[in-house]
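Structure at a glance
Now for the letters of each chain:
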Amino acid sequence: MGIYLTGLPKPSLKMNVDTQLVKQIEHAIKHKRAVSAELYRVLYDEAHWLKFTGLSFYNLVEQGGVLMVQFMVGQLHDKCYQMPVYRIRNVQVLQRTRREPSTEQLKSLRSAINKGMKQEAIELIVKVPIHSAVNQGFIELGELTDKQKIDDKNVLLTYQTINTEQLTDELFKCAHWLEVIKPEKLRQRIVSKLKAATTNYL
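These numbers were taken from a predicted model, which means no experiment stands behind them. (Residues numbered from 1 in each chain as written. Predicted model: local features only at pLDDT ≥ 70, side-chain atom pairs only at ≥ 80, totals over all residues. Heavy atoms only, no water.)

1. What to know about the overall build of the protein chain
- Within the protein chain one finds four helices and nine strands.
- Starting at the N terminus, the α and β elements of the protein chain follow one another as α-β-β-β-β-β-α-β-β-β-α-β-α.
- Burial analysis of the protein chain (202 residues in total) assigns 43% to the buried set.
- Pairs at least 24 apart in sequence give 62% of the contacts found in the protein chain among residues at least 6 apart.
- Counting only carbon and sulfur atoms, one obtains 52% of the accessible surface of the protein chain, whose full area is about 11,600 Å². (Helix = DSSP H or I, 4+ residues; strand = E, 2+ residues; numbered from the N terminus. Buried < 20%, exposed > 50% of the residue type's maximum accessible area, 1.4 Å probe, protein only. Contact = heavy atoms within 4.5 Å. Areas by Shrake-Rupley, 256 points an atom, 1.4 Å probe, with all protein chains shown as cover.)

2. Section: the packing of helix H3 (residues 165–173) against helix H4 (residues 184–200)
- Between H3 and H4, whose axes approach to 10 Å, the crossing angle comes to 55°. In terms of their interaxial angle, H3 and H4 are classed as oblique. As H3 runs across H4, the sense of the crossing is right-handed. Contacts between H3 and H4 pair Leu167, Thr168, Asp169, Leu171 and Phe172 from the former with Leu186, Arg189, Ile190, Lys193, Leu194 and Ala197 from the latter.
- Along the lines of polarity and charge, the residues of the contact of H3 with H4 split into seven nonpolar, one polar and three charged. (Axes fitted to C-alpha atoms, helices over the stretch in contact; angles between N-to-C directions. Parallel < 35°, antiparallel > 145°, perpendicular 65-115°, else oblique. Left-handed = near helix turned anticlockwise from the far one by under 90°. Nonpolar A, V, L, I, M, F, W, Y, C, P; charged D, E, K, R; others polar.)

3. Topic: the nonpolar core
- Residues Ile25, Leu55 and Phe57 are the most contacted members of the largest nonpolar core, which totals 20 residues.
- In this structure, isoleucine 25 is in contact with Phe57, Leu60, Val69, Val85 and Val91, ignoring residues within four places of it in sequence. (Core = buried A, V, L, I, M, F, W, Y, C linked by side-chain atoms within 4.5 Å.)

Interpretation note: all reported values are geometric properties and have no functional meaning in isolation.
Put into structure tokens, the structure is as follows:
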């Protein structure tokens, strides 16, 4: 049952992805090896890089210009996940074979893939201070495709990303110094949240 796709589709946009990281993921998929890696997760409103020692990668797909990896966690956990490659780092290919999913788990994997495909890929443009955590790369909002200096204090950053509630929450937490320029729909969502917050303090 080969889920692995040889040769990734050529992205329509320049993607700021670590090619060495992609090669490691491709190697693990091709040779059916388990890996250890750090995944970028948001827990209790704080972002952390968490280490996982038994990941089984199955596939790489491009979705709206964002490179995604599909995988399973550990030996006992049956759920399958899809995550952007830019939220993965420090991949080590292990000497043990990855988990091979049962028919039920493959159904779960397809379901996870379909769920992931329904998420809208967007081009996000934000205005941030030059010395901000976003501009320094400490806060990941997506795959950075463009950076333009506006003046001595601010830059415009363009990302390819997935439009999720988690993204909205991350942008809202930075709203006192970060401005969403595009897309307008997401900008208005932040404005609505800010207005709702303001009414609590009037």
